[in-house]
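Each chain, letter by letter, is given below.
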Amino acid sequence: MRLSAFAPAKVNLFLHVGAPDAEGYHPISSLMVFADVGDRVAIQPSDAPGFETSGPFGAAIPSDADNLVVRAARAFHARLGGPIPPYRLILDKHLPIAAGLGGGSSDAGAALKLLRDALAPALSDEDLEPLAASLGADGAACLRATALLAEGRGEILSPAPELPELHAVLVNPGVPSPTGGVYRAYDAAVHPEGAALPFLPASLETAEETAGWLAVATRNDLQAPAVALEPRISEALDVLSAEPESLLVRMSGSGATCFALCAGDIEAETLAERLAVLRPDWWVRRCRLS
């Protein structure tokens, strides 16, 4: 048994948020896509159960029950019941922490699939989805890891409009943006349209058309409160907006990662290379979204 799985970064092309309900949960509507950059989770045979982290951000995350990979494994064990042979999970962490990229949820989804393949191959993705959903609002979406619409508390999933291949540059200014604090700041000024879905075209044919629709019909309601809490997010947005390759600039999730949609791969590569030179202190990645 020696398997590994890719855990892609999640990007919210838009994120509409309503006021909290009686239980304190915020309804949302969001178009989520997934990048070809992310983390990697591996499973190996072991004499004793274990979990470890590696990679550029591995030291910045917990390696105990607070880690979503560990929680995913425990949920999987409970689902199976009975004895399970010992194994070691290794999380190679390449995505920034508290970055609005769904990294923890995506890591958990990859771990669930690995455990299924290694220990219970008869289980389907549909069997795993309730486990993923129990771990967080993005859990079920990140298990699917394909372009989709998320509504409700994030658990109501439906197919996305037909999208073209999208090339983008992800930028994180090197600061965390804790989700709880951003939502609390948002509650002081909830958007009047709340979590309502925008008009959704059946298909979008080009990056330019996609960026134009997103700019006119959608928004990220958490962007303004995140910027108010952490001005360096505003700096990243301003820098991206000033670059000629940027068709649309927006923050993902509750931040602090921002993205610029570009016309194609060459434009994204040019932008990423320039930003890496201009701001070597930032995390900058060119990617493809699907």
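Not measured: the values here are computed from a predicted model.

## Topic: the nonpolar core
Judged by nonpolar contacts, the single largest core of 35 residues is most densely connected at Val169, Val171, Leu222 and Leu240. Sequence-distant contacts of Leu222, that is, excluding residues within four places in its chain, are made with Leu15, Val17, Val182, Tyr183, Tyr186, Met251, Gly253 and Ser254. Among the nonpolar cores identified, the runner-up in size contains 29 residues, and Val69, Ala72, Leu91 and Ala110 belong to it.

## Points about helix α3 (residues 125-133)
The set of residues buried in α3 consists of Leu128, Glu129, Leu131 and Ala132. Tucked inside the fold, the buried residues of α3 contact α1 (68-80), α2 (103-119), α4 (139-144) and β6 (156-159).

## Things to note about the pairing of strand β7 (residues 166-172)
Along β7, 7 of the 7 residues are buried, which leaves the element largely enclosed by surrounding structure. Both faces of β7 are covered, namely the face carrying Leu166, Ala168, Leu170 and Asn172 and the face carrying His167, Val169 and Val171. Direction of pairing for β7 relative to strand β10 (residues 283-289): antiparallel, over a ladder of 7 bridges. Directly across from Val169, in β10, lies its bridge partner Arg286. With 5 bridges joining them, β7 and strand β9 (residues 258-262) adopt antiparallel strand pairing. Across the sheet, the residue bridging to Val171 is Cys258, located in β9.

## Focus on the pairing of strand β8 (residues 248-251)
Burial along β8 is two-sided: the face carrying Leu248 and Arg250 and the face carrying Val249 and Met251 are both buried. Two elements, β8 and β9, share 4 bridges in a ladder whose sense is antiparallel. Bridge pairing in β9 places Val249 opposite Ala260. Linking β8 to β9, which pair antiparallel, is a turn of 6 residues; within it Gly253 sits at a positive phi near 55°.

Definitions and cut-offs
- Residues numbered from 1 in each chain as written.
- Predicted model: local features only at pLDDT ≥ 70, side-chain atom pairs only at ≥ 80, totals over all residues.
- Heavy atoms only, no water.
- Core = buried A, V, L, I, M, F, W, Y, C linked by side-chain atoms within 4.5 Å.
- Buried < 20%, exposed > 50% of the residue type's maximum accessible area, 1.4 Å probe, protein only.
- Contact = heavy atoms within 4.5 Å.
- Helix = DSSP H or I, 4+ residues; strand = E, 2+ residues; numbered from the N terminus.
- Pairing = 2+ DSSP bridges.

Shape is all these values report; function is a separate question.
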